[in-house]
Amino acid sequence: MTLSDVVYVFLGLGALGAAVLPRVVSKRPLSLPMVFLAAGVVIELLPVGAPAVDPVRDRLWVEHATEVCVIVSLMGAGLAIDRPFGWRRWSGTWRLLGITMPLTVAVVALLAWGLLDWPPAAALLLGAVLAPTDPVLAGEVRVGEPLGTERDEDEVRFSLTSEAGLNDGLAFPFVYAAIALAAAAGTGWSADWIGSWALTDLLGKCAVGLAVGGGVGRLLGWMFFRVRTSVLRLSEHMEGFVALGATFVSYGIAEVLHGYGFLSVFVTACVIRAAERSHGYHKVLHEFTEQIERLLTAVLLFLLGGYLVDGALSALTWAGALVGALVLLVVRPLTGWLAQMRTATGKKERAVVALFGIRGIGSLFYLAYALGQDSFGGLERELWAVVALTVVISVVLHGVLATPAIGYLDRRRDGAESGGRS
């Protein structure tokens with residue numbers, strides 16, 4: 001038996017599991033990510049020669065695998081959102097992006113600097129990596145499929161989905177700030193980088209990402225639904241794999257033009273969705289991206305589970321574990337609640353939005369990418385240990401709580417509506 005034979009077995013079992021498990025764990029305090037993470041741990045403990053991935057040694061592979069998973073997820077999230085874009089309609093999203101995210105970066109960086117005694121660049125990187133919420137692992141608290149019911153896109157589901165869709169792109173300026181700070185520390189402390197960072201990484205690349213996303217989305221929306229030639233009007237052929245074409249085109253063009261591809265993909269999806277909101281082709285596109293996302297998630301979490309057994313936490317200290325737990329149990333809930341103050345959203349709904357700041361594949365990508373630019377004082381293992389632990393805690397904590405919390409809110413809403421009609 002060779003390693004490739006083992007890989008084929010695991011790939012086959014993973015694909016079958018990704019198809020069956022969502023219905024098995026539905027309406028239970030359990031999630032698909034939890035199952036695949038646990039499977040990775042169990043298989044790695046067995047003497048079967050399961051493949052092990054070390055993100056320090058295999059950094060480039062990890063970077064690109066997580067990158068593909070995130071952009072596919074962003075396309076699916078954008079296609080699923082029914083709510084038209086607007087300043088007031090998306091006000092909850094803007095609050096989470098403008099208040100929760102930068103506050104999280106700052107607080108986590110201060111914790112890493114104070115509790116872990118890390119240099120400022122590494123501390124800032126940890127804050128940037130752990131600030132964005134994840135569109136990949138948030139299936140239980142995401143909006144439903146396109147053209148779903150009103151329940152499928154309540155304020156909680158919409159806020160968490162739209163936040164994850166946008167902040168995975170908006171985390172990049174903070175990551176670049178950490179990289180620039182690390183470079184400045186290596187050549188003698190200087191603040192000269194701040195101006196070019198603000199102009200290029202903060203404003204310029206965001207603008208390019210938004211422009212490319214809007215332009216590609218408009219072009220593809222016209223091609224999907226309005227072009228006169230039926231051969232080119234792809235909505236008539238109902239082929240789901242076109243969603244991958246839209247994803248890669250949008251991402252690739254934005255990256256070639258030195259913009260943020262994550263931002264571009266999500267905007268492209270939202271613009272395509274707005275081109276013809278009532279068309280059933282959106283369901284076809286969304287279902288295809290969801291299937292691909294599920295497969296990629298299964299593989300990555302399986303490998304993460306194996307990495308946990310293979311020494312992921314060997315560099316973890318008690319202070320590092322404390323920082324990871326504080327991110328999920330204190331920092332996100334407080335900053336998430338602060339962003340929603342004085343809004344019309346109910347207290348219980350605000351609490352769920354504040355708590356469910358899921359960390360996952362996006363954090364793994366950002367860390368792999370940043371460590372490809374700088375070693376951050378040789379703290380690679382320590383950074384991976386804290387981030388891996390945080391993701392694992394998030395998978396378990398949010399996986400257990402998501403179904404009961406969302407179910408409670410749905411029953412509460414149904415009861416209020418029934419009382420109003422009687």
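This text goes with the structure placed above it.
Residues numbered from 1 in each chain as written. Predicted model: local features only at pLDDT ≥ 70, side-chain atom pairs only at ≥ 80, totals over all residues. Heavy atoms only, no water.

**Structural notes on unusual backbone geometry**
Here's step 1: We note that aspartate 117 has phi near 60 degrees; this positive angle belongs to a residue other than glycine.
Here's step 2: By the element assignment, aspartate 117 lies in the loop between helix 4 (91-115) and helix 5 (120-130).
Here's step 3: We classify aspartate 117 as exposed; its relative accessible area is 66%.
Here's step 4: We note that arginine 342 has phi near 60 degrees; this positive angle belongs to a residue other than glycine. (Helix = DSSP H or I, 4+ residues; strand = E, 2+ residues; numbered from the N terminus. Buried < 20%, exposed > 50% of the residue type's maximum accessible area, 1.4 Å probe, protein only.)

**Some remarks on the packing of helix 6 (residues 155-170) against helix 10 (residues 261-275)**
Here's step 1: The N-to-C vectors of helix 6 and helix 10 enclose an angle of 150 degrees; their axes lie 6 Å apart at closest approach. Taken together, the axes of helix 6 and helix 10 are roughly antiparallel relative to one another. Like other packed secondary-structure pairs, helix 6 and helix 10 cross with a definite hand, here left-handed. Only Phe262, Leu263 and Phe266 of helix 10 make contact with helix 6, whose side of the interface consists of Ser162, Gly165, Leu166, Asp168, Gly169 and Leu170. (Axes fitted to C-alpha atoms, helices over the stretch in contact; angles between N-to-C directions. Parallel < 35°, antiparallel > 145°, perpendicular 65-115°, else oblique. Left-handed = near helix turned anticlockwise from the far one by under 90°. Contact = heavy atoms within 4.5 Å.)

**Some remarks on the packing of aromatic side chains**
Here's step 1: The final tally for this structure, using the stated rule, is 22 aromatic pairs.
Here's step 2: Considering the side-chain rings of tyrosine 176 and tyrosine 260, the 6.2 Å spacing of their centres and the 25 degrees angle between planes classify their relative orientation as stacked. Placement of the pair is tyrosine 176 in helix 7 (residues 172-186) and tyrosine 260 in the loop between helix 9 (242-256) and helix 10, with a sequence separation of 84 residues.
Here's step 3: On the basis of relative accessibility, which here comes to 1%, the residue tyrosine 260 falls in the buried class.
Here's step 4: Residues phenylalanine 262 and phenylalanine 365 carry aromatic rings whose centres are separated by 5.1 Å and whose planes lie at 50 degrees to one another, so their mutual orientation is tilted. One end of the pair, phenylalanine 262, is in helix 10; the other, phenylalanine 365, is in helix 14 (residues 361-371), with 103 residues separating them in the sequence. (Phe/Tyr/Trp six-rings, centres within 6.5 Å; stacked < 30°, edge-to-face > 60°.)

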